[in-house]
Amino acid sequence: MTIPSSTYRLQLRGDGFTLEDARGIVDYLDDLGVSHAYLSPVLSATKGSTHGYDVVDPTIVSPDLGGRAALEALTAELRSRGMGVVIDIVPNHVGVEDPRQNAWWWDVLRNGRASQYAGFFDIDWADDNGVDGKIALPILGSDSDVDELTIDRTGDAPLLAYYDHRFPIADGTDDGNATTIHDRQAYRLVSWRAGLVGYRRFFSVNGLAGLRQEDYDVFTESHKEIASWMTDDLVDGLRVDHPDGLADPAGYLTELRELMGEDRWLVIEKILARGEPLDTSLPVDGTTGYDALADVGGVFVDPAGAAALGELSQSRTGSASDPEWLHATERELKAAVAQGDLAPEVRRLTRAILRESQADISAETVTDAVVALVAHMPYYRSDYAPLAGTIPRVIGTVLQNRPDLEAGLDAVATALVANGESAVRFEQVCGAVTAKGVEDCLFYRATRLISLQEVGGDPAIFGVAPAQFHLANADRADRWPAAMTTLSTHDTKRGEDVRARIGVLSQIPELWARCVADWEEMVPSPDGATGLFLWQNLFGVWPVDGAIDDSLRERIHAYAEKAMREANLRTGWNDVDETFESSVHEWLDSVMQGSVADSMTMLVARVDVHGRSDALGQKLLQLVGPGVPDVYQGTELWDDSLVDPDNRRPVDYRIRRELLSGNDVPPSATTDAASKFRVVRAALRLRRERPASFVGGTYAPVYATGSASAHVVGFSRGPQQGEPDVMALATRHSSTLQNEGWGDTTVVLPQGQWRDRLTDTVYTAQASATELFAALPVALLVRENVGDTDR
């Protein structure tokens, strides 16, 4: 198998960055040191899609992106330079927001169970589904809006119309008024507030309908285009989006591996809880790297700041966002999601449990048991081999606190033992509840240190000790050497550099608390929790020169709106409190000018160097560490992105190309615009130059000696049958270091001559930290051998 030495994620979109545009930067990616372009989904998506995860036709490459010919041209361009391509695929769901764009969905709505595609979707056809066996479509503003339906006869065939929405009318049913015609269809339009959804969704997104990949015919039809990529040798690997949503992830991945063959790279977006192992029986090369993100970012967080930041959170919000509060709140929010946004999925699961257990109890009793059980589940899903026994243990925990749920839990257990529909739906509901309750809600509520609140992370774990970091890295090097690693993705809550700067607050908690107190006295936030959460985000993106332009102002306001609604404390997506939101926006405007803005600028100017130090450190350790590192588009330079869609903004490659020509001049300071670029390019080119030292190579911790040895974190890499020939060293906790300095801190080097690829300095035997980190807070040392070259 050809494993990428590195990947570069490209966010394609028909209105801004097509496959042809991607082909235009292949020479740049090659010069940067990338081995494989990693493309966001390329199959035909909803018109105007900015991400591609709402595929409406999985049988063709999106015409908006350039179609199959453009993909072939891109692959040819990459191959001409010895590079490759990896593509993101979306097997779990398709886009149905506009049924007219999805031929399969349209046919099902038109013909019901008689449709040849009826089995493609996970549809609730049961007579007791709440709409008499029809497909419930949560479209209407209210139940009475059924009177607003009309018939659109402007086209070749009549359509049922509800404002801008259009739906098919089955043959022979087009007589009478709109209400009568509606009642004859295979679907039923219902209020979006009714809690009725006739199909499995992606989480709680009504516009994304789940596919039944467990049916081989569905797998075959939905993977025809993907299969042709393999036959025609167009791609070198795949990234699989959200396999946990499928009925049988392991079975699906087995089929996919057979389709791909053994010689292509396969990674999966499997969200692992902290400490959860990836199932080694899966035919994959690893995850997409959120586990590595938490390890690499965590080693730069100072655990000494936990208490003070917890006290600040307690004083501003009434809760310390400590482990006890986080775990209790997680259970509460997961229960609320199960009873709210995901109530349709839970009711469908409850009905399956009652059928399969034949328990003589009420649906309410079973639902209560299901809600409590999924709220306590520690993983996205528990049916992977290493997690055997999880559900029995969780049931025991639930019963200790809720003995009144015994009858319901007995029914759940009986149904799960039967290993039928209930077992499948239970695992699917668990993942959706976790995603919506934790990543999409809790992570917008906790306020102790928000840089810890990332997908796959656990904000209860405040920092990662070097010993933990090295053991995790060594395990990855041994068990999953070809797994993807990452620091930024299209789904991260904040970009890597924003997280790094916010993480510095763990080193200056008292200063931060004083600043927040002063700012709140000058410009009080409308709500303590919302305010403290947004203060940290503002600090993370605030320009060093304090110049807030219109673009940044708009981005901050857009982010605040999303954050407030996801937190669902004072406002939410379903029930918007315009008064509260307006007060927050007015508060933000007042913060971004005047005395508070001046004070924020002074603080940022003081600590920005430490944020950049950590940003460079985590970047180097990720790029040189075990696994295949991905560089998210544009993050080879300093990046101030927040959550999507902010992190999907267009990238200016003109600026980046200009840096290539001047990259031979060593940076003079951490804050240089080119310093991050130099680190990225040097590391990527080194991986390409010495592949045997990375994937499949050795890993060993490197420790410094001397008074400030704890401020150095590093490791060595090397070929499996040979001595280490690469060392990555980084400064950690630089804010607390600056008062004492490096002193006599030294790194002892293995035999040979070692050259720092970042500064061109040569070392032998040992290197003092003062010299190592004189120009940059990181060092990339390479043992020099005769004939070392880079193509």
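Residues numbered from 1 in each chain as written. Predicted model: local features only at pLDDT ≥ 70, side-chain atom pairs only at ≥ 80, totals over all residues. Heavy atoms only, no water.

1. Details of the domain arrangement of the chain
Splitting the chain by domain gives domain 1 (7-92 + 213-269), domain 2 (99-210), domain 3 (322-444) and domain 4 (502-608). For domain 3 versus domain 4, the distance between C-alpha centres works out to 36 Å. In this assembly, five residues from domain 3 lie in contact with seven residues from domain 4. Summed over both sides, the interface of domain 3 with domain 4 buries roughly 510 Å², with 55% coming from carbon and sulfur. Area buried by domain 3 at its contact with domain 4 is led by Asp440, Cys441 and Tyr444, which between them contribute 83% of it. For the pair domain 3 and domain 4, the interface holds zero residue pairs in polar contact (both at pLDDT 80 or more). Each residue belonging to the side of domain 3 that touches domain 4 can be placed in one class, and the counts come to three nonpolar, no polar and two charged. (Domains from an automatic or database assignment. Contact = heavy atoms within 4.5 Å. Buried area = accessible area lost by both parts, 1.4 Å probe. Polar contact = N/O pair within 3.5 Å; in protein donor to acceptor, adjacent residues only side chain to side chain. Nonpolar A, V, L, I, M, F, W, Y, C, P; charged D, E, K, R; others polar.)

2. Some thoughts on helix α10 (residues 306-317)
Compared with the 16 Å implied by 1.5 Å per residue over twelve residues, the 16 Å span of α10 between its first and last C-alpha is a close match. Residues of α10 that are buried sit in contact with α19 (509-522) and α20 (528-541). (Helix = DSSP H or I, 4+ residues; strand = E, 2+ residues; numbered from the N terminus. Expected span 1.5 Å × (residues − 1).)

3. Thoughts on the nonpolar core
Ranked by internal contacts, the top residues of the largest apolar core, which has 85 residues, are Leu10, Leu19, Leu39, Trp229, Leu238 and Leu621. At seven residues, helix α25 (residues 675-689) tops the list of elements feeding residues into this core. Filtering out sequence-adjacent residues up to four positions away, Leu621 remains in contact with Val296, Val299, Phe300, Phe469, Val713, Phe715, Ala728 and Ala730. (Core = buried A, V, L, I, M, F, W, Y, C linked by side-chain atoms within 4.5 Å. Buried < 20%, exposed > 50% of the residue type's maximum accessible area, 1.4 Å probe, protein only.)

4. Things to note about the sheet that holds strand β13 (residues 205-210)
Pairing in this open sheet of three strands is antiparallel, and the strands run β6-β13-β12 from one edge to the other. Each end of this open sheet is capped by a strand with a single partner; those strands are β6 (93-95) and β12 (201-202). Bridge count between β12 and β13: two bridges; the pairing is antiparallel. Bridge assignment links Arg201 to a residue of β13, and that residue is Ala209. (Pairing = 2+ DSSP bridges.)

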